[in-house]
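The residues making up each chain are set out below.
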Amino acid sequence: MGSDKKSSAARSARIEEMRRAEKARERRNRLLVIAAGVVVVAGLVAGGVVLVRSQSDDGGGAAADSKSSGTFVTGADGVRKWKGELGRNHVTKAVDYPVSPPVGGDHNPVWMNCNGDVYGDEINDTNAVHSLEHGAVWVTYNASADKADVDALAAKVKKTPYTLMSPVDGQKDPIVLSAWGHQRTVTGADDPALDAFFEKFVQGEQTPEPGAACTNGLSE
């Protein structure tokens, strides 16, 4: 019990420190925006040209290869770990991920807000994958999930920074937990594996960009 409390306190302290760092970055970014005001118009013109060329080059709304290859290997704890490559390029079109929900790969430049955000409708995979890159855990469910479990999961997510939740109708299992490169199913909101997954993977060692923002992104 004492060990669990220490682990929980350490995780809370780590997340709080990351929140402070995020706020500091936001303040610096605001100062940079003000300082760069003189060149904003020129930058927008140049950016518009680049965007038009980029859209022409990438085929507009066509689906892109995820630049990911590999397979899941299931550990003794029931967590599936992706063995192979996970692309990390920013793309502006749809991505064909090898698994659903995806656990990494090329993704949209804008992340889904993941500061305990619960979405009632399906969200764009490419935005959610960017949240995983920032160290978030993504809780997903399909129509077979029990409503009481969905409500209990939502309550847990809402009080846990660096998490988000949404329905994914196409997933095989009723409830799935995903982090960058890792995934598992759980039987319900009271499954002990749920807390274990949160403990290990919320801002866990797998995170490609630890401490990156989970706010000021895309919301429903």
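Residues numbered from 1 in each chain as written. Predicted model: local features only at pLDDT ≥ 70, side-chain atom pairs only at ≥ 80, totals over all residues. Heavy atoms only, no water.

This paragraph deals with the side chain of Thr-207. When you line up the elements, Thr-207 lands in the segment after α5 (192-201). Taking relative accessible area as the criterion, Thr-207 reaches 8% and is therefore assigned buried. Contact partners of Thr-207, with chain neighbours within four places excluded, come to Glu-133, His-134 and Gly-135. (Helix = DSSP H or I, 4+ residues; strand = E, 2+ residues; numbered from the N terminus. Buried < 20%, exposed > 50% of the residue type's maximum accessible area, 1.4 Å probe, protein only. Contact = heavy atoms within 4.5 Å.)

Take the pattern of salt bridges next. Using the criterion set out here, one finds four salt bridges in the structure. A salt bridge links Glu-209 to Arg-88, with the nearest nitrogen and oxygen atoms 3.2 Å apart. Residue Glu-209 is located in the segment after α5, and its partner Arg-88 is located in the loop between β3 (80-85) and β4 (95-96); the two are separated by 121 residues in the primary sequence. Judged by its relative accessible area of 28%, Glu-209 falls in the partly exposed class. Lys-147 is paired through a salt bridge with Asp-151; the nearest N and O atoms lie 2.8 Å apart. Of the two residues, Lys-147 and Asp-151 both sit in helix α4 (residues 147-158), four residues apart, roughly one turn of that helix. You can call Lys-147 exposed: its relative accessible area is 60%. (Salt bridge = Lys/Arg side-chain N within 4 Å of Asp/Glu carboxyl O.)

With that settled, consider the packing of aromatic side chains. Here the structure, examined in full by the defined rule, presents two aromatic pairs. When the ring of Phe-72 is compared with that of Trp-82, the centres are 5.2 Å apart and the planes differ by 85°; the resulting orientation is edge-to-face. Here Phe-72, found in strand β2 (residues 69-74), pairs with Trp-82, found in strand β3; they are 10 residues apart in sequence, far enough to count as distant. With a centroid separation of 4.5 Å and 45° between ring planes, the pair formed by Phe-197 and Phe-201 is classed as tilted. Separated by four residues within a single helix, Phe-197 and Phe-201 lie in helix α5, roughly one turn from each other. You'll find Phe-197 and Phe-201 in the same group, each marked buried. (Phe/Tyr/Trp six-rings, centres within 6.5 Å; stacked < 30°, edge-to-face > 60°.)

A few words on the side chain of Thr-160. Its place among the elements puts Thr-160 in the loop between α4 and β7 (163-167). The class of Thr-160 is buried, set by a relative accessible area of 9%. Residue contacts for Thr-160: discarding those within four places in its chain leaves Asn-115, Gly-116 and Phe-198.

As a further point, take the state of the cysteines. By the definition in use, this model includes one disulfide. Cys-114 shares a disulfide with Cys-214; S-S distance 1.6 Å. Looking down the S-S bond of the Cys-114 and Cys-214 bridge, the torsion is -95°, so its handedness is left-handed. Placement of Cys-114 in the loop between β4 and β5 (115-118) and of Cys-214 in the segment after α5 is noted, with a sequence separation of 100 residues between them. The pair Cys-114 / Cys-214 is uniform in exposure class, with both members buried. (Disulfide = S-S within 2.5 Å.)

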